[in-house]
Structure formats: structure tokens, C-alpha cells
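Spelled out from the first residue to the last, the chains are:
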Amino acid sequence: MLERYKTLRQEASREIVIKKSRFIGYAKPVADEAEAVAYVEEIKKKHWNATHNCSAYVVGERDEIQKQSDDGEPSGTAGKPILEVIKAQGLKNVAVVVTRYFGGILLGAGGLIRAYTDGAVAGIEAAEPIVNVLHREVLVDVDYTWYGKIENELRGRGVRTGDVSFTDRVAVTCLPEAPDAERFVQWMTDLTQGQSIITLGEARYDVEGE
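Residues numbered from 1 in each chain as written. Predicted model: local features only at pLDDT ≥ 70, side-chain atom pairs only at ≥ 80, totals over all residues. Heavy atoms only, no water.

Draft legend 1. Summary view of the sheet that holds strand β5 (residues 65-69). On the basis of which strands lie adjacent, the open sheet formed by five strands has the order β2-β3-β6-β4-β5 and antiparallel pairing. Lying at the two open borders of the sheet, with one neighbouring strand each, are β2 (12-18) and β5. Taking each pair of neighbouring strands and ignoring which way they run, the sheet shows an average axis angle of 15°. Of the strands in this sheet, β2, β3 (21-29), β4 (52-59) and β6 (94-101) are in contact with helix α3 (residues 108-127), which crosses β2 at around 150°. (Pairing = 2+ DSSP bridges. Helix = DSSP H or I, 4+ residues; strand = E, 2+ residues; numbered from the N terminus. Axes fitted to C-alpha atoms, helices over the stretch in contact; angles between N-to-C directions. Contact = heavy atoms within 4.5 Å.)

Draft legend 2. Layout of the packing of aromatic side chains. Enumeration over the complete set of coordinates arrives at five aromatic pairs. Seen from their ring centres, Phe23 and Tyr116 are 5.2 Å apart, and the 90° between their planes marks the pair as edge-to-face. Note that Phe23 is positioned in strand β3 and Tyr116 in helix α3, a separation of 93 residues in sequence. Judged on exposure class, the residue Phe23 and its partner Tyr116 are both buried. Of note, Arg22 hangs over the ring of Tyr101, and the distance from its end group to the ring centre comes to 4.8 Å. (Phe/Tyr/Trp six-rings, centres within 6.5 Å; stacked < 30°, edge-to-face > 60°. Buried < 20%, exposed > 50% of the residue type's maximum accessible area, 1.4 Å probe, protein only. Lys NZ or Arg CZ within 6 Å of the ring centre and 35° of its normal.)

Draft legend 3. Examining the pairing of strand β9 (residues 170-175) more closely. Of all the six residues making up β9, six are buried; the element is thus mostly covered by neighbouring parts of the structure. Residues Val170, Val172 and Cys174 of β9 are buried on one face, and the alternating residues Ala171, Thr173 and Leu175, pointing to the opposite face, are buried as well. When strand β7 (residues 129-142) meets β9, the two strands line up antiparallel, connected through five bridges. The partner of Asp141 across the bridge, within β9, is Ala171. Across five bridges, strand β8 (residues 160-166) lies against β9 in antiparallel orientation. Pairing of Thr161 across the sheet is with Cys174, part of β9.

Draft legend 4. Local environment of the environment of Tyr144. Tracing the backbone shows Tyr144 in helix α4 (residues 144-157). Separated by 26 residues in the primary sequence, Tyr144 and Val170 have C-alpha atoms spaced 6.0 Å apart. Not counting residues up to four positions away in its chain, the partners in contact with Tyr144 are Phe166, Thr167, Asp168, Arg169 and Val170.

Draft legend 5. Representation of the packing of α4 against helix α5 (residues 181-191) within the structure. Interhelical geometry of α4 versus α5 gives an angle of 140° and a closest axis separation of 11 Å. Classified by the angle between their axes, α4 and α5 sit oblique to one another. As α4 runs across α5, the sense of the crossing is right-handed. The residues of α5 that touch α4, namely those facing Trp146, Lys149, Ile150, Glu153, Leu154 and Arg157, are Phe184, Trp187, Met188 and Leu191. Counted by class, the contact of α4 with α5 contains seven nonpolar, no polar and three charged residues. (Parallel < 35°, antiparallel > 145°, perpendicular 65-115°, else oblique. Left-handed = near helix turned anticlockwise from the far one by under 90°. Nonpolar A, V, L, I, M, F, W, Y, C, P; charged D, E, K, R; others polar.)

Draft legend 6. Inspection of the layout of surface pockets at higher detail. The calculated volume of the largest pocket comes to roughly 190 Å³. Lining the largest pocket, in full, are His135, Arg157, Gly158, Val159, Arg160, Leu175, Pro176, Glu177, Asp180, Arg183, Phe184 and Trp187. Of the residues forming the lining of the largest pocket, the biggest block, three residues, is contributed by α5. Each residue belonging to the lining of the largest pocket can be placed in one class, and the counts come to five nonpolar, two polar and five charged. (1 Å grid on protein atoms, 1.4 Å probe; cavity = no way out; pocket = protein on both sides within 12 Å on 5 of 7 lines; lining within 4 Å. Points joined across faces, edges and corners; volume = space filled by probe spheres on them.)

Structural data, given as C-alpha cells:
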């Protein structure tokens, strides 16, 4: 799993008008190519009467899968610009569709490239680019006498925390970044003088800065 990667927060869309043509940029985070293909088909079905539904997607940890479609526009004027926007922004696991309703004014090849570029940017901005950071769940189980100190130290170090349960002891779910998990366990062991019960949990992605 990647330690961090840039993707989109949500599915969203935004419309722009260029020389009377409507361009609607759609963007969505996707888990795999099947979901990307399904999303493109969903937008094409939604806008079945549009002049064009051009698209591109990038999927995989190393961007292994990159596909594009001009959907009837002149070759290289739609799908490729959309794909280049995705790559230029460093986005992974995203699909973008730019729907066009022709307004009666020809844009020319250069105009089409700019228009589909702007449409892709509009959709991506609406979907909110984020950075996912891989964290590792570390459950720290301690006696109540340690909780105050642990809470202060975690806050001071800026370590993310999840659920806290209070029974006869306190169990704190800590979320250090995955590469730091082993060092975190050693630090917590030293901090509690070996009196904590520490259990490693799953790795998970959380949004950077939130």
C-alpha cells in the first residue's frame, strides 16, 4: 500500500460555458477500473442526448491503468487533455468525464483542447482533491493513572487518535503514520514503563490535515 497518494474526496460536477457550448465536468474517486468504466457509462447514460461525453481515468498504485476517450471529437482534442489534467495534478484512482452540449460555434482543435482541459479542471476542483495518508491502528490499553499523561503526550506530538473506551481500564486507539508504527510502539512502551498492553490493528487511509 502507498504511504500517501492524492485523490478526490467525493463525486462532484461543475458546468462551464465556452462560446455557447456547455461543458460539464464530472469527477469521482474510484477503487478500480471496473468502477471507472461504470462511472463513465453512468454519465453517458445520464447525458444520452449530449453531443459528446469524453472521458479519462487513472487507476492503480503506479498509475498502471490509464484510459481515455474522445467520444467522437477530433483525435487528441478531448480524452488526452482530460487525462493530462489528471496526471498533472498527480491524482490516482479517479475518473473524469466532460460532457459537451454543442452551442453552434466551432472551437477548432486548440479551442477544444483548452475547453476540455478547463472542463476537467472544473470537475476535479468540485470533487475536492485530497491526500490520503496511510496510518496504522495501535490500540493502547492502560490503567487510568496513565491516561492523562498519554493524552498530553499524544496531543503534544500531534498523533491522531480514534476511539477511546473506558471500562476497568482505558483503551486508546492511536493512529501513527504506518512507517512510524514500530517506533510509536517502542515510544509508548517506554512512556508507560512497560505497563501498557499494545495491540497492532489494521492499516487505513485518513485524509491529511483532518
